[in-house]
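So you can see what is in the structure, the chains are spelled out below.
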Amino acid sequence: MDASSATGVLHPYWPRDLLIPTYVANDRSMSEILVFLFSVSGVFLLVTWLISGQKGATGRLGTWRRLAMCWFAVCGFIHGVIEGWFSLYYDIIPGDQSFLSQLWKEYSKGDSRYVIADNFTVCMETVTAWLWGPFSFWAVFAFLTNKPYRFVLQLIISLGQLYGAVLYFFTEHRDGYAHSELGHPIYFWFYFVFMNVLWIVIPLVLIVDAWTQMSAAQTHIDNTKSHKAKRK
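Let me sum up the structure you'll find in this document. (Residues numbered from 1 in each chain as written. Predicted model: local features only at pLDDT ≥ 70, side-chain atom pairs only at ≥ 80, totals over all residues. Heavy atoms only, no water.)

Scanning the protein from terminus to terminus reveals six helices and two strands. Judged by the C-alpha coordinates and their principal axes, the protein covers about 85 × 35 × 30 Å. Among the 232 residues that make up the protein, the fraction classed as buried is 42%. Contacts in the protein between residues at least 24 apart in sequence constitute 66% of all its contacts with a sequence separation of at least 6. Just so you have it, the protein exposes about 12,400 Å², and 68% of that area is on carbon and sulfur atoms. Placing the 17 positive and 16 negative side-chain charges of the protein at their respective mean positions leaves the two points 25 Å apart. (Helix = DSSP H or I, 4+ residues; strand = E, 2+ residues; numbered from the N terminus. Buried < 20%, exposed > 50% of the residue type's maximum accessible area, 1.4 Å probe, protein only. Contact = heavy atoms within 4.5 Å. Areas by Shrake-Rupley, 256 points an atom, 1.4 Å probe, with all protein chains shown as cover. Lys, Arg positive; Asp, Glu negative; His and termini not counted. Charge placed at Lys NZ, Arg CZ, Asp CG, Glu CD.)

End to end, helix H4 (residues 119-144) covers 37 Å across 26 residues, agreeing with the expected 38 Å (1.5 Å per residue, within 8%). The largest bend in H4 is about 30 degrees, located at Ala 129. In this structure Asp 118 caps H4, since a side-chain oxygen of it lies 3.0 Å from the backbone nitrogen of Phe 120. Just beyond H4, the residue with positive phi is Asn 146, at close to 60 degrees. (Expected span 1.5 Å × (residues − 1). Bend = angle between axes of the 7 residues up to and from the residue. Polar contact = N/O pair within 3.5 Å; in protein donor to acceptor, adjacent residues only side chain to side chain.)

Now for the layout of surface pockets. Approximately 880 Å³ is the volume attributed to the largest pocket. Going through the elements one at a time, helix H1 (30-52), helix H2 (63-89), helix H3 (99-107), H4, helix H5 (150-174) and helix H6 (187-231) are the ones with two or more residues in the lining of the largest pocket. With eight residues, the top contributor of residues to the lining of the largest pocket is H2. Across the lining of the largest pocket, the residue classes break down as 29 nonpolar, seven polar and three charged. (1 Å grid on protein atoms, 1.4 Å probe; cavity = no way out; pocket = protein on both sides within 12 Å on 5 of 7 lines; lining within 4 Å. Points joined across faces, edges and corners; volume = space filled by probe spheres on them. Nonpolar A, V, L, I, M, F, W, Y, C, P; charged D, E, K, R; others polar.)

Summed over the entire model, instances satisfying the criterion amount to 29 aromatic pairs. On the basis of an interplanar angle of 45 degrees and a centroid distance of 5.1 Å, the ring pair of Trp 71 and Trp 199 is categorised as tilted. In this pair, Trp 71 is assigned in helix H2 and Trp 199 in helix H6, connecting sequence segments 128 residues apart. Overall, Trp 71 belongs to the buried group, its relative accessible area being 12%. Residue classification places Trp 199 among the buried residues on the basis of a relative accessible area of 14%. Note on Phe 190 and Tyr 191: the rings are 6.0 Å apart at their centroids and 50 degrees apart in plane angle, and the pair reads as tilted. Relative accessible area serves as the criterion here: at 1%, Tyr 191 is assigned to the buried category. Across from the ring centre of Trp 49, 3.6 Å away, lies the NZ or CZ of Arg 66, which sits over that ring. Its guanidinium or amino end placed over the ring of Tyr 168, Arg 113 lies 4.8 Å from that ring's centre, counting from NZ or CZ. (Phe/Tyr/Trp six-rings, centres within 6.5 Å; stacked < 30°, edge-to-face > 60°. Lys NZ or Arg CZ within 6 Å of the ring centre and 35° of its normal.)

Right, let's get into the side chain of Arg 65. Turning to its location among the elements, Arg 65 is positioned in helix H2. When residues no more than four places from it in sequence are discounted, the contact partners of Arg 65 are Phe 143, Phe 151, Gln 154, Asp 209 and Gln 213.

In this section: the pattern of salt bridges. According to the stated counting rule, one finds five salt bridges in the structure shown. The closest approach of N and O atoms between Arg 65 and Asp 209, which form a salt bridge, is 2.7 Å. One end of the pair, Arg 65, is in helix H2; the other, Asp 209, is in helix H6, and 144 residues separate them in sequence. The pair Arg 65 / Asp 209 is uniform in exposure class, with both members buried. With a shortest N-O distance of 2.9 Å, Glu 106 and Lys 109 are connected by a salt bridge. (Salt bridge = Lys/Arg side-chain N within 4 Å of Asp/Glu carboxyl O.)

For Asn 223, the position within the fold is in helix H6. Spatially, the C-alpha atoms of Asn 223 and Arg 113 are 52 Å apart, while their sequence positions differ by 110 residues.

Written out as structure tokens, the structure is:
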């Protein structure tokens, strides 16, 4: 059931006494919004997969590396476009019927901090949109062109994503999970937990990968210097 605020405006968000006087209900269904999100993400993934499969100057990239590039391409879209929209229009989203605003109103059923423009979410999403969005596309380019700084980018982006996701969960934990229907299979477990825990698990794997690659490179440099010193 929808809750009624003090102004008589109905909304589906938690806590039930939340005041959202400008709220206008979506005229698009959950399925329309989710199909758009996963379809566009799928296009970015597929295009990146196909492009990364081309043979370059150093040969073809391995499956793992191509999957990592697909991840960064999807991150570029989600951070730069979807979260970028929130960072620009967070103050009008409750009453706006633009498609991306409706997407955020749908997602807010799992975390109402977005529909009330909570300070943390606005600051965190703004940093994510304007840093990790462009950096993610830059990382795709860096791996496609074999830039020497590609693993530095991977490490920076992944650390930023991990830090943001940890704060995202931790701040809501301290609020007692008051901004969602705790235990709801879609709004809590799928929207709030699953769709965000990806930005903990995958960045952790990529941090370890970048650490391994950069450590191997530094070991090679150190060994080269050592050999040169012994020859003198």
